[in-house]
Amino acid sequence: MLDYYDPSKTDPGTGGLNPDLDYGTPPSPSDAQVSVSIDGTTIRVPEGTSVLRAAALAGINIPKLCASDNLEAFGSCRLCAVEIEGQRGYPASCTTPVAEGMAVTTQNAKLARLRRNIMELYISDHPLDCLTCPANGNCELQDVAGTVGLRKVRYGFQGENHLDAETDDSNPYFSFDPSKCIVCSRCVRACEEVQGTFALTIEGRGFESKVAAGQSEPFMDSECVSCGACVQACPTSTLMEKSVIDAGQPEHSVVTTCAYCGVGCSFKAEMKGDQLVRMVPYKGGDANHGHSCVKGRFAFGYATHKDRIKEPMIREATNAPWEVVSWDEAIAFAANKLKDTQAKYGRESIGGITSSRCTNEETYLVQKLIRAAFGNNNTDTCARVCHSPTGYGLKTTIGESAGTQTFDSVIKADTIVVIGANPTDAHPVFASQMRRRLREGATLIVIDPRRIDLLSTPHGGKGLHLPLRPGTNVAMVNALAHVVVTEGLEDTAFIESRCEPRQYNEWREFIAGERNSPEAMEAVTGVSAQLVREAARAYAEAGNGAIYYGLGVTEHSQGSTMVMGIANLAMATGNIGREGVGVNPLRGQNNVQGSCDMGSFPHELPGYQHVGDPAVRARFEDVWGVTIDDEPGLRIPNMFDAAIAGSFKAMYVQGEDIAQSDPNTQHVEVALSALDCLIVQDIFLNETAKFAHVLLPGATFLEKNGTFTNAERRINRVRKVMAPVAGLEDWEVTMALSNALGYPMDYRHPSEIMDEIARLTPTFTGVSYEKLDRLGSIQWPCNEAHPDGTPTMHTLDFPIGKGRFAVTEYVASEEKTNRKFPLLLTTGRILSQYNVGAQTRRTENSQWHHEDVLEIHPSDAELRGVHEGDWLGVSSRVGQTVLRARISERMLPGVVYTTFHHPGSGANVITTDSSDWATNCPEYKVTAVQVEKVTQPSAWQRHFEQFDQRQHQLLTPAAIHAEASDATALK
Amino acid sequence: MSDQQLQHLIKMVNQISANNLHHGDAEQSAEVIATHLRKFWARSMKQKIIDYAESDGLELSTVSRLAVKRLSEPQEA
């Protein structure tokens, strides 16, 4: 269809551009403006803008096929040819930059004939099956044929052609039908420029040219990561979503936010009625600018999976069958259990866990329920086990518990330091942006026991890998800072004007000590002093040095110390407070930033305001109408300990699978089994729900309204596109529970919850749904001082005034190797699966990763006679599990690695309850283990299998019938 | 009361101490540690560690013991 530029249709937050239009070539970053005349219309555009884009900005759409505004101009289709006064011939407008005073003609008889001739050639080698083609209704080739007025093909259709080319259906989500291909190279360029994988190429020359994946392999066997950029770029139906082939073109769409990782990509959910046909990354989204990964783009089928819990259920005991009941009955049952528990064991005997997958509004409501209706502060969230040290460490040093930059900031970084993170797998869309910058020549420093894929960025610049021993991060960051201080690489002007002198002097004296030198630390970290010095210089002398870190920093016994060490390093080098620099935690889950912001932690009310502060409590008490406990509550591991001790008896868990994701599974299972009442609200019967007494159906992100906050503090709208399967959005369920407990809540829409958040949270005072709809998204702080939000933080000062250096003494983890446990296990993620896998395991993503494996170095494998694919028993001080071996040189000898996406793998059966000293964040990244060949699953796995089967039986109506007598007896 | 719970609390407070030995002398470190416990530990956890310190306390490191003693003293708001 033809698109006409209509300023009134411009979407918010897009700088006046319409994200639904393709302007042909990317914007020019130039500040200088030039004036051009296009078909008599004069327009001023930035210098360097293409004629094609300038025309589009003037509302004139020049036909094009190989151009797209997310790709550099290519100039191959020649359809965008124009006439320029004073120039000979017909230059391609996509590759021709504007010049001052240029006069362009986009339409005349000659141009029309030229374009028609080109289309005639294209169509002479293209199937004429438009009526039955899946792209019908959304085909650029068809549109351009219409636009140029193609009426006949003089060449006929009998000549040599590509119409018999075979379709590649290997990818589960899209098909590749080369018979429809016009070889415009958009897919190849999208794979290179947008995604940065370089999996596609044009093979052959001339008439033989064709798009090929990898070494002319099926897509699934190639390096393709199934991000969908090629599918989106394709102007025909060559690369086409299978869901569209099945369902036909969608008829309406809604812009919403992905519920996978902390990048928080904006998507258009394209619908047919209430059926989601496809998710298309939204160009107007400021986190992703129209890019996506295999999870957000394709792995949404879990929302309509048969395993969804569709009705509320209750049971008296965890070995009893589930009884399907009405919402009212389930809520009353749960509320009575909670009241009875408190009556019997006291006010502090119950608590709850907020969800980092749910919306800000839902998270806010759960912690409010706990503080106001339960009357205690026993609230925590999954950030406990991932980024709680970020909260502690950043608040202590730079005064705010959040990353300092936008994602876009990386485009101005000269040296990018990645510590304990694996962006290409865990934050893929941001990784593509990083790779873009690496291709432009930025230096990459990776501090990680594993050789991550970012180091193999095609056409990347200089890359340094510091493969340190797990558990020695603090030793490493101290050594880096030592080099900065002793080699005169400090930014003294920044330190003097922005940092507290007393803390700085203390720190400086400490860090300059010989024991922190790279030479002294070499024995601890295992990384050569020379390499450490080189890395420190590359960061400090870069101009702009930016640090990105993940759970490889936080999930250690010194996680908080390491976060402070990173902040020290950034302050010492003045790498904070402008674009291109900063300290950036890469958040794991979609709303883990939000769940922390919303007061999920037991010691903090929303906005990181301590419960011990009487003035803070007074403001909340005034609005909430209750007295708030002035003491912090229990954190998740403390809840487990108290449950086993018998003082903590009931728990409300919303959207969090603690039985799979928390360490030392057997300990968690004992704790959950000790509860008198466990209320689980989730979309599936997850591992935790198998220990529950009340199961409340959750709603997916497609079924509710609200907001998520991503890793760059960006608050994005989540918009409902289909009805919740069980009738209620999650916030409505929490509200019902609160009302049943006697604490009234009466919100009619999540926007009213956000209004309350804005009243009580100083960094949110300017946030409203109206503003979010108007601006598209907002990065907090958003208040009187920053009415439109704050892309870059700490530009002038810190929320605590001056920055506070912290002394970061290296204290070795107590989790040490010995003769019995000679290897160190570290854990991580892979691209296709997400967290505990509850969602992605129920999609075709499992084709890429159907089981967790143990990666082991060839030398460790040889020592144990282990071959690829062998079953390996992995034992730690707390448990044993069995995984298949994969021989890998990504880690150094002595280190083994696995993922935790499948519950039966039992990765967390072996992780211990060793934790961060400041926050109790578990030390997932360091577990001393032994590995040996075995022939059968571990005892825990065999038990898991039985328990899992039994719990699924208890869920089916047949079981309820068969077990009826049993159930009555239990009541 | 579970021994395991107490064991975890002892381990935690000793760990906090081990990471905060750089704030001047033992008394100053103890104050930093006590402040940390006040800010981040639940009421019941504080009470348990205080009870333990008063009744036995042998597994607490020296600085931990000083810190828990401070924790048990009344605090100005």
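Everything numeric here is computed off the predicted structure, so don't read it as measured data. (Residues numbered from 1 in each chain as written. Chains lettered and ligands numbered in written order. Predicted model: local features only at pLDDT ≥ 70, side-chain atom pairs only at ≥ 80, totals over all residues. Heavy atoms only, no water.)

### Section: the overall build of chain B
Here is step 1 of the chain: Each helix and strand counted, chain B has 4 helices and 0 strands in total.
Here is step 2 of the chain: The C-alpha atoms of chain B give a radius of gyration of 11 Å, which matches the 11 Å a tight globule of 77 residues would have.
Here is step 3 of the chain: Over its C-alpha atoms, taken along the principal directions, chain B stretches across nearly 35 × 25 × 20 Å.
Here is step 4 of the chain: Only carbon and sulfur atoms are counted for the fraction: they give 53% of the accessible area of chain B, which is about 3900 Å².
Here is step 5 of the chain: When the 9 basic and 10 acidic side-chain charges of chain B are each reduced to a single mean position, those positions are 7 Å apart. (Helix = DSSP H or I, 4+ residues; strand = E, 2+ residues; numbered from the N terminus. Rg over C-alpha atoms; globule rule 2.2 N^0.38 Å. Areas by Shrake-Rupley, 256 points an atom, 1.4 Å probe, with all protein chains shown as cover. Lys, Arg positive; Asp, Glu negative; His and termini not counted. Charge placed at Lys NZ, Arg CZ, Asp CG, Glu CD.)

### A word on the overall build of chain A
Here is step 1 of the chain: Regarding its fold elements, chain A presents 32 helices and 34 strands.
Here is step 2 of the chain: Computed over its C-alpha atoms, the radius of gyration of chain A comes to 29 Å, within 12% of the 30 Å expected for a compact globule of 971 residues.
Here is step 3 of the chain: Seen through its C-alpha atoms, chain A measures out along the principal axes to roughly 90 × 75 × 65 Å.
Here is step 4 of the chain: Pairs at least 24 apart in sequence give 72% of the contacts found in chain A among residues at least 6 apart. (Contact = heavy atoms within 4.5 Å.)

### Brief notes about the sheet that holds strand 11 (residues 275-281) of chain A
Residue and element names in this part refer to chain A.
Here is step 1 of the chain: Read from one edge to the other, the open sheet built from 3 strands follows the order 9-10-11, with strand pairing classed as antiparallel. Edge positions in the sheet fall to strand 9 (252-257) and strand 11, since each has one partner strand and no second. With direction set aside, neighbouring strand axes in the sheet form an average angle of 30 degrees.
Here is step 2 of the chain: In the sheet, strand 9 pairs with strand 10 (residues 266-272) via 6 bridges, with the strands oriented antiparallel. Looking at strand 10, one finds that His-252 is bridged to Met-271. (Pairing = 2+ DSSP bridges. Axes fitted to C-alpha atoms, helices over the stretch in contact; angles between N-to-C directions.)

### A closer look at the interface of chain A and chain B
Accessible area lost upon the coming together of the parts is a frequently used measure of interface size.
Here is step 1 of the chain: Contact with chain A, which involves 32 residues of that partner, is made by 22 residues of chain B.
Here is step 2 of the chain: Contact between chain A and chain B buries roughly 2300 Å² in total, counting both sides, with carbon and sulfur atoms accounting for 50%.
Here is step 3 of the chain: Looking only at chain A, the three residues that lose the most surface to chain B are Glu631(A), Asp641(A) and Trp917(A), adding up to 24% of its buried area.
Here is step 4 of the chain: One can count 4 salt bridges joining chain A with chain B.
Here is step 5 of the chain: Among the salt bridges present, the one from Asp630(A) reaches Arg43(B), with a minimum N-O distance of 3.7 Å.
Here is step 6 of the chain: For the pair chain A and chain B, the number of links is 8 residue pairs in polar contact (both at pLDDT 80 or more).
Here is step 7 of the chain: If you tally residues by element for the side of chain A that touches chain B, the top one is helix 22 (residues 636-645) of chain A, at 5 residues.
Here is step 8 of the chain: Class assignment of the residues belonging to the side of chain A that touches chain B gives a composition of 10 nonpolar, 11 polar and 11 charged. (Buried area = accessible area lost by both parts, 1.4 Å probe. Salt bridge = Lys/Arg side-chain N within 4 Å of Asp/Glu carboxyl O. Polar contact = N/O pair within 3.5 Å; in protein donor to acceptor, adjacent residues only side chain to side chain. Nonpolar A, V, L, I, M, F, W, Y, C, P; charged D, E, K, R; others polar.)

### A look at the sheet that holds strand 3 (residues 83-84) of chain A
Residues and elements named next belong to chain A.
Here is step 1 of the chain: As summarised here, the arrangement of the 4 strands in space is 2-1-4-3, forming an open sheet in which the pairing is mixed. Both outer strands of the open sheet, strand 2 (41-46) and strand 3, are each paired with one neighbouring strand and no more.
Here is step 2 of the chain: Relative to strand 4 (residues 103-105), strand 1 (residues 33-38) runs parallel, the two sharing 2 bridges. What sits directly across from Ile-38, in strand 4, is Val-104.

### Side note on the packing of aromatic side chains
All names here are of chain A.
Here is step 1 of the chain: Here the structure, examined in full by the defined rule, presents 20 aromatic pairs over all chains.
Here is step 2 of the chain: Ring plane angle 40 degrees and centroid distance 6.5 Å describe the contact between Tyr-608 and Trp-780, whose orientation is recorded as tilted. Highlighted residues: Tyr-608 in the loop between strand 21 (604-605) and strand 22 (609-610) and Trp-780 in the loop between strand 28 (777-779) and strand 29 (823-828), separated in sequence by 172 residues.
Here is step 3 of the chain: Classification of Trp-780 as buried rests on a relative accessible area of 1%.
Here is step 4 of the chain: Between Trp-940 and Phe-944 the ring centres are 5.1 Å apart and the planes differ by 25 degrees, which places this aromatic pair in the stacked class. (Phe/Tyr/Trp six-rings, centres within 6.5 Å; stacked < 30°, edge-to-face > 60°. Buried < 20%, exposed > 50% of the residue type's maximum accessible area, 1.4 Å probe, protein only.)

### Digging into the state of the cysteines
Residue and element names in this part refer to chain A.
Here is step 1 of the chain: In the structure shown here, the tally under the stated rule is 0 disulfides over all chains.
Here is step 2 of the chain: The closest cysteine sulfur to the non-disulfide-bonded Cys-181 is located on Cys-187, 6.1 Å from its own sulfur.
Here is step 3 of the chain: Residue Cys-265 stays outside any disulfide, its sulfur separated by 6.1 Å from that of Cys-258, the closest cysteine.
Here is step 4 of the chain: Relative accessible area serves as the criterion here: at 7%, Cys-265 is assigned to the buried category. (Disulfide = S-S within 2.5 Å.)

### Focus on the side chain of Asp682(A)
All names here are of chain A.
Here is step 1 of the chain: For Asp-682, the location among the structural elements is in strand 24 (residues 677-682).
Here is step 2 of the chain: Here Asp-682 is buried and forms no salt bridge, its nearest opposite-charge partner Arg-357 lying at an N-O distance of 5.3 Å.
Here is step 3 of the chain: Looking at Asp-682, its side chain comes within polar contact range of the main-chain nitrogen of Phe-684, at 3.4 Å.
Here is step 4 of the chain: Polar side-chain contacts of Asp-682 include one of 2.9 Å to the side chain of Asn-686.
Here is step 5 of the chain: With residues up to four places along the chain from it excluded, the contact list for Asp-682 reads Ile-309, Gly-655, Glu-656, Leu-696, Pro-697 and Gly-698.

### Comments concerning the environment of Ala67(B)
Residues and elements named next belong to chain B.
Here is step 1 of the chain: Assignment of secondary structure puts Ala-67 in helix 4 (residues 62-72).
Here is step 2 of the chain: Residues Ala-67 and His-8 lie 59 residues apart in sequence; the distance between their C-alpha atoms is 17 Å.
Here is step 3 of the chain: Residues within four places of Ala-67 in sequence aside, it is in contact with Ala-30, Ile-33 and Ala-34.

### Observations concerning a positive patch on the surface
Here is step 1 of the chain: There is a patch of like positive charges on the surface, built from Lys110(A), Arg113(A), Arg116(A) and Arg151(A).
Here is step 2 of the chain: Summarising the element assignment, Arg151(A) is placed in the loop between helix 3 (140-148) and strand 5 (174-176). (Patch = residues over 30% accessible without salt bridge, like charges linked within 9 Å, V, L, I, M, F, W, Y side chains within 5 Å.)

### Notes on the nonpolar core
Residues and elements named next belong to chain A.
Here is step 1 of the chain: Ranked by size, the top nonpolar core spans 70 residues in total, and within it Leu-239, Ile-416 and Val-418 carry the most contacts.
Here is step 2 of the chain: In terms of residue count, the dominant contributor to this core is helix 12 (residues 428-439) (4 residues).
Here is step 3 of the chain: Ala-372, Val-611, Ala-726 and Met-735 belong to the second largest nonpolar core, which has 63 residues in total. (Core = buried A, V, L, I, M, F, W, Y, C linked by side-chain atoms within 4.5 Å.)

### Side note on the side chain of Arg714(A)
Residues and elements named next belong to chain A.
Here is step 1 of the chain: With respect to the helices and strands, the residue Arg-714 is situated in strand 27 (residues 714-718).
Here is step 2 of the chain: Here Glu-712 takes part through its side chain, which lies 2.6 Å from a polar atom of the side chain of Arg-714.
Here is step 3 of the chain: If sequence neighbours within four positions are ignored, Arg-714 has contacts with Asp-286, Ala-287, Thr-406, Phe-708, Thr-709, Ser-777, Ile-778 and Gln-779.

### What to know about the environment of Val477(A)
Residue and element names in this part refer to chain A.
Here is step 1 of the chain: Along the chain, Val-477 falls in helix 13 (residues 473-486).
Here is step 2 of the chain: C-alpha separation for the pair Val-477 and Leu-569, spaced 92 residues apart in sequence, amounts to 7.6 Å.
Here is step 3 of the chain: Not counting the four nearest positions on each side in its chain, Val-477 is found in contact with Met-562, Gly-565, Ile-566 and Leu-569.

### Some words on the pattern of salt bridges
Pairs can form between side chains of opposite charge whenever their charged atoms are close.
Here is step 1 of the chain: Evaluation of the coordinates by the stated rule reveals 54 salt bridges over all chains.
Here is step 2 of the chain: One salt bridge in this structure joins Glu855(A) and Arg450(A), with 3.3 Å as the shortest N-O distance. A residue pair is termed long-range when its members are at least 10 positions apart, and Glu855(A) in strand 30 (residues 853-856) and Arg450(A) in the loop between strand 17 (443-447) and strand 18 (463-466) qualify at 405 residues. Just as Glu855(A) is buried, Arg450(A) falls in that class too.
Here is step 3 of the chain: Put simply, Lys69(B) and Glu73(B) hold a salt bridge, and the shortest N to O gap is 3.4 Å.
Here is step 4 of the chain: Taking relative accessible area as the criterion, Glu73(B) reaches 38% and is therefore assigned partly exposed.

### Some thoughts on the packing of helix 1 (residues 3-18) of chain B against helix 4 of chain B
Residue and element names in this part refer to chain B.
Here is step 1 of the chain: The contact between helix 1 and helix 4 brings their axes to 9 Å, and the two run at 105 degrees. What the angle tells us is that helix 1 and helix 4 run roughly perpendicular. In this structure, helix 1 uses Val-13, Asn-14 and Ser-17 to contact helix 4, whose residues at the interface are Val-63, Ser-64 and Val-68.
Here is step 2 of the chain: Per-class residue counts for the contact of helix 1 with helix 4 are 3 nonpolar, 3 polar and no charged. (Parallel < 35°, antiparallel > 145°, perpendicular 65-115°, else oblique.)

### As for the environment of Gly460(A)
Here is step 1 of the chain: Turning to its location among the elements, Gly460(A) is positioned in the loop between strand 17 and strand 18.
Here is step 2 of the chain: Residues in contact with Gly460(A), not counting those within four places in the same chain, are Leu438(A) and Arg439(A).

### Looking at the pairing of strand 29 of chain A
All names here are of chain A.
Here is step 1 of the chain: For strand 29, the tally of buried residues reaches 6 of 6 residues, placing the bulk of the element in the interior.
Here is step 2 of the chain: Both strand 29 and strand 34 (residues 927-933) contribute to a ladder of 3 bridges, which runs antiparallel. Looking at the pairing, Leu-824 lines up with Ala-928 of strand 34.
Here is step 3 of the chain: Here 5 bridges tie strand 29 to strand 33 (residues 895-899), and the two strands are oriented parallel to one another. Across the sheet, the residue bridging to Thr-827 is Thr-898, located in strand 33.

### Topic: the confidence of the model for chain B
All names here are of chain B.
Here is step 1 of the chain: In the predicted model, chain B carries a mean pLDDT of 91, and the fraction of residues at 70 or more is 95%.
Here is step 2 of the chain: The least confident element of chain B, judged by mean pLDDT, is helix 1 at 94; the most confident is helix 3 (residues 43-55) at 96.
Here is step 3 of the chain: Interface confidence in the predicted complex, given as ipTM, is 0.95; pTM for the same model is 0.94. (pLDDT = per-residue confidence, 0-100.)

### Some words on helix 3 of chain A
Residue and element names in this part refer to chain A.
Here is step 1 of the chain: Looking only at helix 3, the buried set comprises Leu-141, Val-144, Ala-145 and Val-148. Around the axis of helix 3, the buried residues are gathered within 105 degrees of arc, so they sit on the same side.
Here is step 2 of the chain: Where helix 3 is buried, its residues meet helix 2 (109-124).
Here is step 3 of the chain: Backbone geometry just downstream of helix 3 places Gly-149 in the positive-phi region, at approximately 75 degrees. (Arc of directions from axis to C-beta.)

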